[in-house]
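Listed below, chain by chain, are the residues.
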Number of protein chains: 2
Amino acid sequence: MNIVEALKEIVEPERVTANPTMLAQHSKDESYHTPKLPDAVIFPKTTEEVSRILKWANENRVPVVPFGIGSGLEGQVIPQQGGISLSFQMMNKIVEVRPQDFLVRVQPGVTRMQLNKELKKYGLFFSVDPGADATIGGMAATNASGTTAVRYGIMRDQVRDMEVVLADGTMIRTGSMAAKSSSGYHLNGLFVGSEGTLGVFTEITLRLYGIPEMSVTARASFPTVGDAVRTACAIMGAAIPVARMELVDGQSVRQVNMYKGTDYPECATLFFEFHGNEAGLKHDLAFARELAEENGCGGFVFETDSLRQAALWEARHHLAYAFLHGYPGKKAITTDVCLPLSELAGAIEHARGLLEKTGMVGGIVGHVGDGNFHSLLMIDPDQPEEMQQAEAVNAEIVRYALSRGGTCTGEHGVGLGKAKYQRMEHGNALDVMYAVKRALDPNNILNPGKIFVF
Amino acid sequence: MNIVEALKEIVEPERVTANPTMLAQHSKDESYHTPKLPDAVIFPKTTEEVSRILKWANENRVPVVPFGIGSGLEGQVIPQQGGISLSFQMMNKIVEVRPQDFLVRVQPGVTRMQLNKELKKYGLFFSVDPGADATIGGMAATNASGTTAVRYGIMRDQVRDMEVVLADGTMIRTGSMAAKSSSGYHLNGLFVGSEGTLGVFTEITLRLYGIPEMSVTARASFPTVGDAVRTACAIMGAAIPVARMELVDGQSVRQVNMYKGTDYPECATLFFEFHGNEAGLKHDLAFARELAEENGCGGFVFETDSLRQAALWEARHHLAYAFLHGYPGKKAITTDVCLPLSELAGAIEHARGLLEKTGMVGGIVGHVGDGNFHSLLMIDPDQPEEMQQAEAVNAEIVRYALSRGGTCTGEHGVGLGKAKYQRMEHGNALDVMYAVKRALDPNNILNPGKIFVF
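Every chain is numbered on its own, with residues counted from 1 as its sequence reads. As a convention, the first chain written is A and the first ligand written is 1, with the rest following in written order. A pLDDT threshold of at least 70 governs which residues receive local features in this predicted model, and a stricter bar of 80 or more applies before side-chain atom pairs are shown or counted, although totals over entire chains, interfaces and linings include all residues. Values reported for side chains reflect all heavy atoms of the structure, with hydrogen atoms and water molecules removed beforehand.

1. Focus: the relation of the copies chain A and chain B
Using the following cut-off: C-alpha atoms of residues with pLDDT of at least 70 in both copies form the basis for the least-squares superposition of the copies. Contacts are assigned to residue pairs that have any heavy atoms within 4.5 Å of one another.
Take chain A, turn it by 180°, move it 0.0 Å along the axis, and it overlays chain B with an RMSD of 0.0 Å. One copy is carried onto the other by what is essentially a two-fold rotation axis. Considering only C-alpha atoms, the residue of chain A closest to the rotation axis is Gly280(A), which sits at 1.9 Å. Comparing interface residues between copies, 100% of those in chain A also sit at the interface in chain B, which points to an isologous, same-surface contact.

Below is the structure:
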């Protein structure tokens with residue numbers, strides 16, 4: 001069976017390719033996971049085309065892997081068993097903005113920045129910010145979140161409705177435009193985060209927010225990571241509505257200083273952003289500062305001017321690049337555990353201890369309001385012993401988090417990297433997930449080899 | 001097969017009963033739906049007992065219907081096909097409060113007020129307020145929400161983890177204590193709102209909030225319902241973080257005045273509650289007032305004293321009783337549609353038009369920040385023509401909402417009353433829901449006859 005020839009019967013031939021460069025582009029994401037070529041890449045333009053592609057693939061038992069822009073961090077788009085890479089590059093339209101409803105309907109290939117550029121005209125914004133300029137489809141597939149989740153929630157909280165094509169080509173809608181519903185099972189929630197294993201998203205309706213009246217950023221330096229995390233917990237406890245609250249450890253600030261030639265204090269640092277009205281913000285900022293100083297903060301600076309805000313956050317924004325540029329040829333394995341707040345300081349100290357014990361190079365950065373942190377472990381993927389050591393550190397960080405009520409992945413998803421921890425985390429519940437998978441994709445054509453490895 | 005005798009082998013005999021009074025108590029909820037007796041009522045004390053009961057019921061194909069306190073509004077606890085009513089009256093312990101994590105673990109029989117009384121000691125509260133003193137298990141089963149959802153979200157947003165017993169007696173956990181996760185499918189979301197059809201909840205971990213520094217209530221009167229709804233939409237648009245925002249129409253205020261002897265202005269009224277810090281609240285209140293006055297508000301009053309706050313909200317709180325007392329012997333059929341905000345004013349006008357056209361007595365009350373409103377239709381369940389007329393009005397209200405991107409139930413759930421609208425609302429997606437149901441409960445013992453009627 002020639003997959004390329006068969007697909008050319010479904011869409012115009014020029015939208016199906018087995019060109020080696022295109023196959024290579026669709027073989028990988030931004031992670032350390034080993035690339036794998038698909039047999040063909042196809043660029044559908046409509047839901048009907050996606051439906052016909054899936055129907056054909058299902059009848060012929062050919063794997064299908066949806067592809068957005070390849071910014072994932074756990075190998076979700078890697079066609080582990082070959083087959084079709086379904087690229088949404090040509091399905092990137094903003095279908096309808098409904099400003100009065102705070103809703104937008106988009107095709108899955110729309111990127112976050114493309115969307116926010118359009119929404120600015122309406123005084124609205126889409127809140128989820130994972131850092132990368134990811135596609136909305138990819139963010140829905142992995143249940144992405146990032147720096148703003150502490151205030152506005154995660155991707156799953158924003159999705160009101162999706163058009164989904166099932167394994168056999170059936171089209172369904174998972175929700176409605178209503179802000180809430182108790183009608184039937186929560187299919188929005190089931191499909192968001194399913195990483196292409198239950199269906200393919202062809203349209204997504206998202207919740208939006210009004211651009212806040214005012215925003216303030218702040219940066220606070222602390223003697224230890226523990227002091228910074230305790231401050232973050234105190235701020236959550238005081239219900240100060242921070243819009244972002246990011247931890248960067250001293251090692252990471254040092255790396256940024258080396259990369260950018262800056263002189264930020266090389267100690268544990270919290271970066272804040274507050275959204276609101278002027279009077280409320282003033283109060284929030286003063287209260288946050290008070291809590292920081294009670295926990296040993298030695299330097300608290302803030303900015304309301306937008307250019308200076310960007311400069312204040314620079315050390316946070318340049319973190320990943322500072323490490324990648326500082327260690328040319330290396331890749332980053334990024335851990336992604338999330339724990340209850342009371343366990344966060346201990347977990348970060350434990351992770352830092354592991355890095356020191358193994359002598360690995362790496363920074364720690366955390367979405368601390370959510371209890372989520374990342375260790376960036378710099379490795380050369382061609383050096384098996386480095387890979388092995390990083391994997392062992394990752395495993396130990398996951399084990400620690402799971403033993404304290406946490407999860408192995410707060411926002412990057414399972415993909416290839418976290419599949420081995422699914423049984424440990426979910427126990428019997430993994431069988432329930434698999435029963436759902438089997439019921440909806442009996443031939444296992446949808447992104448096979450992800451999430452479930454038993 | 002004698003169900004009672006068999007169950008007495010599983011738990012102590014005194015916790016199994018077929019006493020007619022007990023059967024009658026477990027035959028109904030607060031809705032107009034026709035009661036149906038179970039064959040037996042059982043009061044488990046532990047998860048292990050629930051597991052053994054379900055294992056036996058599954059092997060013997062006996063229906064099991066979980067029962068909290070019977071405050072539901074769509075007949076979810078009515079044992080439509082007989083069998084076992086599984087009452088959680090004896091599983092009503094607050095297992096663990098984790099103040100630093102803003103979490104609490106409870107058994108399903110704990111009620112909302114019981115929980116908030118305990119949490120007050122820690123300066124915390126559980127946010128969902130459906131009005132009734134419902135059990136946490138029942139609220140999770142129906143994905144309840146109510147007046148505070150506009151600020152704090154619905155039940156599904158609060159559930160971090162559940163212990164669930166599946167049809168065959170297997171125990172699983174659906175989540176963790178982490179604030180967010182991208183690990184595997186979203187089982188919390190799938191089980192919340194499943195109305196006892198996928199599994200039985202035996203423990204629930206909930207998100208909590210700090211009691212706000214300050215709260216203010218306000219009441220605003222408007223010439224028309226449209227003016228009130230437009231104000232509500234403007235307030236949402238301005239991102240003023242209202243904690244509650246309730247619409248009560250003029251007919252309903254009149255009913256309250258008759259019942260309580262009060263003299264509230266008999267016109268469309270918005271009731272507000274704001275939570276925050278003093279400076280921010282002052283600003284929010286002034287801004288809300290400005291928006292109300294721009295939309296024709298002729299009277300805006302507010303209170304910060306807690307007793308006076310209660311008095312200010314009295315008309316809202318007494319609404320249902322005012323109607324029930326005003327029409328002795330009648331019951332209320334309560335519609336529950338939820339629409340995108342831009343469609344809300346039209347939908348409420350449409351509903352009011354239907355009431356006037358049919359000459360039915362009824363009030364309209366709305367959680368307008370969410371686009372959710374209820375028409376209380378007063379009927380005598382023994383008068384078939386009244387029932388029929390109310391059902392026809394309900395159907396027309398649902399049809400209108402679905403045609404404009406809404407849902408047939410914003411918060412009361414499907415149960416018996418909304419099952420007939422499931423295909424109209426969900427189309428093909430209903431088959432996906434049913435595939436999940438079949439995969440998890442192949443013998444259809446879990447609350448059969450609910451949600452799915454095909």
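Further notes follow.
2. A short note on the pairing of strand β13 (residues 242-248) of chain A
Residue and element names in this part refer to chain A. Rule in force here: A 1.4 Å probe rolled over the protein chains alone gives each residue an accessible area, and that area as a share of the maximum for its type sets the label: buried under 20%, exposed over 50%, partly exposed in between. Secondary structure is summarised from DSSP: a helix means a run of H or I of at least four residues, a strand means a run of E of at least two, and numbering begins at the N terminus for each. For two strands to be treated as a pair, DSSP must find no fewer than two bridges joining them.
Across the seven residues of β13, seven count as buried, placing the element largely inside the fold. Examined bridge by bridge, β13 and strand β14 (residues 268-276) share six bridges and lie antiparallel to one another. Considered in β14, the bridge of Glu 246 is made with Phe 271. Here three bridges tie β13 to strand β17 (residues 362-367), and the two strands are oriented antiparallel to one another. Looking at the pairing, Val 248 lines up with Val 365 of β17.

3. Observations concerning the packing of aromatic side chains
Going by this rule: Ring pairs shown here join Phe, Tyr and Trp side chains whose ring centres sit within 6.5 Å, with only the six-membered ring taken for Trp; geometry is labelled stacked below 30 degrees between planes, edge-to-face above 60, and tilted in between. Note on geometry: a ring has a charge over it if NZ (lysine) or CZ (arginine) is within 6 Å of the ring centre and within 35 degrees of the ring normal.
Here the structure, examined in full by the defined rule, presents 16 aromatic pairs over all chains. Judged by centre distance (5.7 Å) and plane angle (55°), the ring pair of Phe271(A) and Trp313(A) falls under tilted. With a gap of 42 residues between them, Phe271(A) in strand β14 and Trp313(A) in the loop between α12 (306-312) and α13 (314-317) connect regions that are remote in the sequence. Exposure remark for Phe271(A): the relative accessible area of 1% places this residue in the buried category. With relative accessibility at 3%, the residue Trp313(A) sits in the buried group. Each ring, one from Phe452(A) and one from Tyr185(B), has its centre 5.6 Å from the other, and the planes form 75°; the classification is edge-to-face. On the criterion of chain membership, the pair formed by Phe452(A) in the segment after α18 (429-440) and Tyr185(B) in the loop between β9 (171-173) and α8 (187-191) is interchain, its members lying in two chains. Tyr185(B) shares its class with Phe452(A); the two are buried. Grouped by ring-pair contacts, the aromatic residues Phe125(A), Tyr152(A) and Tyr209(A) constitute a single cluster. The lysine or arginine in question, Arg404(B), covers the ring of Tyr400(B), its NZ or CZ lying 3.9 Å from the ring centre.

4. Focus on the sheet that holds strand β15 (residues 299-303) of chain B
All names here are of chain B. Using the following cut-off: Interaxial angle, 0 to 180 degrees, is taken between N-to-C directions of lines fitted to C-alpha atoms, where a helix line uses only the stretch in contact.
The seven strands are arranged β15-β12-β14-β13-β17-β18-β16 in an open sheet whose pairing can be described as antiparallel. Strand pairing shows two members of the sheet lacking a second neighbour, β15 and β16 (331-334), which therefore form its edges. Neighbour-to-neighbour, the strand axes of the sheet open up by a mean angle of 20°, direction not taken into account. Relative to strand β14 (residues 268-276), strand β12 (residues 214-222) runs antiparallel, the two sharing nine bridges. Bridged to Thr 217 within β14 is Glu 273. Set on the sheet, helix α9 (residues 225-237) makes contact with β12, β13 (242-248) and β14; between it and β13 the angle comes to about 165°.

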